[in-house]
Amino acid sequence: MKKIMTLGTETDDELLMRMRSGDEPAFVTLYRRRQAAIYRFALHMSGSVTAAEDITQEVFLALIRDECGFDPERGTLSGYLFGIARKLVLRYLERGRSDVALDVEGESSAWPELAVNDDPLLDLTHREGIEALRRAVSALPRRYREVVVLCDLEEVDYAAAASILGCPIGTVRSRLHRARALLLEKLHQERNFRPAMGAWKPLRCLT
Amino acid sequence: MEAAKVFDMNCQEFWNTMPELGRHGDHSGHLRECIACAALWERQRSLTAGLRTAASEWSYLQAPARVEARLTAAFRSHAGLAHGREIARPWHVWGPVAAWAAAAAALVLLAMFLMSGGQPQLPRRSAPGTIELAAAQAVPDFGVSGDSPYGDDDFIPLPNAAGIAPNEDVNLVRVEVPRSAMIELGFAVSAERASEPVEAEVVLGADGLARAVRFLDE
């Protein structure tokens with residue numbers, strides 16, 4: 001227990017060094033520290049629980065194999081892991097698995113059951129709002145979706161996002177600006193057309 | 001006309017250097033002068049606040065525990081291969097080791113299996129791609145044919161290992177082992193080839209214990 005707490009205060013780079021020398025607790029600590037963000041990124045980007053699980057597994061397998069040669073001088077471990085996850089997501093999307101209408105009802109099990117509020121109406125409004133946001137993010141074109149997921153959902157700073165996406169920081173800013181405008185537009189449309197939205201199923205955009 | 005041009009430039013400049021919403025910083029100069037940007041800025045701030053709320057609702061989402069179990073097994077295999085020399089054992093201890101390992105965690109059995117070559121192995125780090133791990137469902141020919149409980153007649157049950165239960169979520173780990181490891185499972189291996197590496201796939205049960213093995217290049 002004491003050892004785990006000690007490991008929990010170590011930096012990613014320190015844990016990685018220990019992991020590379022065969023220290024299993026270091027690997028487990030590193031995994032537990034970083035896996036959730038990678039999983040959520042993959043889930044938001046792919047829209048698939050199965051793909052998110054596979055991608056998370058592949059990201060950390062690559063770390064175990066030390067295939068991509070992480071260099072602390074060139075960025076953070078977190079950014080490196082997001083970078084691998086992004087490549088795997090792109091590969092998944094390019095394989096065309098999601099080139100079909102996304103069945104929102106079928107995929108809803110991928111998303112959290114929100115805590116029940118005392119006020120059912122308030123709770124419903126809250127749930128609807130969160131769900132509307134999720135749909136709007138899912139329907140964004142890929143290059144806008146990834147900046148929103150990284151910067152707004154996972155709170156990665158612009159410089160780190162630029163490194164993960166392999167683009168200038170200005171591009172992150174402009175994509176984020178455009179992405180938010182698209183999101184506001186989608187949410188506005190949804191609010192206006194909600195009564196006729198019974199079988200609404202957004203198409204996954206692959207651009 | 002001139003004023004409008006300057007105004008547009010200022011707006012463009014503002015969004016080109018867009019500060020990170022929700023973070024502190026003095027960027028109120030342009031927003032005080034430009035109603036349109038101020039309105040858009042406020043809408044984006046509200047949207048970002050909504051996204052952060054949604055993110056906190058989703059914050060408990062994480063990979064299932066089975067991913068950690070698979071990765072830990074893979075890590076043990078990898079670490080075992082990388083440190084093979086330090087824990088190499090002579091052949092005559094293979095039997096007791098295998099019996100113990102069947103009850104031990106995850107790939108300890110596999111590690112002992114790997115390390116029990118007749119001749120000491122040179123220390124080596126496994127090459128990229130030496131270990132592969134996949135859910136059984138991802139392996140096309142696995143678990144769909146034959147009478148073997150492992151779904152493929154090539155798999156050989158390990159001594160003292162439990163069987164695979166129906167619908168059990170099994171995993172497959174690909175490793176490289178000394179060819180001499182095949183002898184204990186009934187394969188004929190010449191002395192001169194005993195130290196050569198051979199690729200093998202090991203079936204792990206849902207509990208992470210090794211159940212069966214098959215050699216890919218006999």
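Quick caveat: nothing in here was measured; it's all calculated off a predicted structure.

Colleague: Help me out: how do you make sense of the interface of chain A and chain B in this one?
Modeller: Many structure descriptions define interface size as the accessible area lost when the parts assemble. Every contact between the two is made by 34 residues of chain A and, on the other side, 34 residues of chain B. Within the residue set of the side of chain A that touches chain B, elements represented by two or more residues are helix 3 (24-46), helix 4 (49-65), helix 7 (120-138), helix 8 (142-153) and helix 10 (169-193) of chain A. Broken down by class, the residue content of the side of chain A that touches chain B amounts to 17 nonpolar, seven polar and ten charged.

Colleague: Where do I start with helix 9 (residues 158-165) of chain A in this structure?
Modeller: For an α-helix, the turn length of 3.6 residues means that residues three or four places apart are oriented alike. Residues and elements named next belong to chain A. With seven of eight residues buried, helix 9 lies mostly within the body of the structure. Y158, A160, A161, A162, S163, I164 and L165 are the residues of helix 9 that are buried. Just downstream of helix 9, G166 is the residue with a positive phi angle, here 65°.

Colleague: Where do I start with the confidence of the model for chain B in this structure?
Modeller: Close inspection of predicted coordinates is inappropriate in any region flagged by low pLDDT. All names here are of chain B. For chain B, the mean per-residue pLDDT works out to 64, and 53% of the residues sit at or above 70. Averaged pLDDT values over the elements of chain B bottom out at 42 in helix 5 (residues 94-101) and peak at 86 in helix 3 (residues 35-57). Across residues 84-107, where pLDDT falls below 50, the model places 51 contacts with residues more than four positions away in sequence or in other chains. Low pLDDT, under 50, characterises residues 116-149; the predicted model gives this stretch 73 contacts beyond four residues in sequence or across chains. Among the scores for the predicted complex, ipTM is 0.77 and pTM is 0.60.

Colleague: Please clarify how the pairing of strand 5 (residues 210-215) of chain B should be interpreted in this entry.
Modeller: On a regular strand, one side chain projects to one face of the sheet and the next to the other, so that they alternate. Inspection of the sheet shows strand 2 (residues 156-157) of chain B paired to strand 5 of chain B by two bridges, in the antiparallel sense. Within the sheet, the bridge partner assigned to I156(B) lies in strand 5 of chain B and is V213(B).

Colleague: Looking at this structure, how should I read unusual backbone geometry?
Modeller: Excluding glycine, most residues fall at negative phi; most peptide bonds, likewise, are trans. All names here are of chain A. Here E155, not a glycine, exhibits a phi torsion of approximately 55°, which is positive. Relative to the assigned elements, E155 resides in the loop between helix 8 and helix 9. The partly exposed category is assigned to E155, around which 15 C-beta atoms lie within 10 Å.

Criteria and cut-off values
Residues numbered from 1 in each chain as written. Chains lettered and ligands numbered in written order. Predicted model: local features only at pLDDT ≥ 70, side-chain atom pairs only at ≥ 80, totals over all residues. Contact = placed C-beta atoms within 7 Å. Helix = DSSP H or I, 4+ residues; strand = E, 2+ residues; numbered from the N terminus. Nonpolar A, V, L, I, M, F, W, Y, C, P; charged D, E, K, R; others polar. Buried ≥ 20, exposed ≤ 12 C-beta atoms within 10 Å, placed from the backbone. pLDDT = per-residue confidence, 0-100. Pairing = 2+ DSSP bridges.

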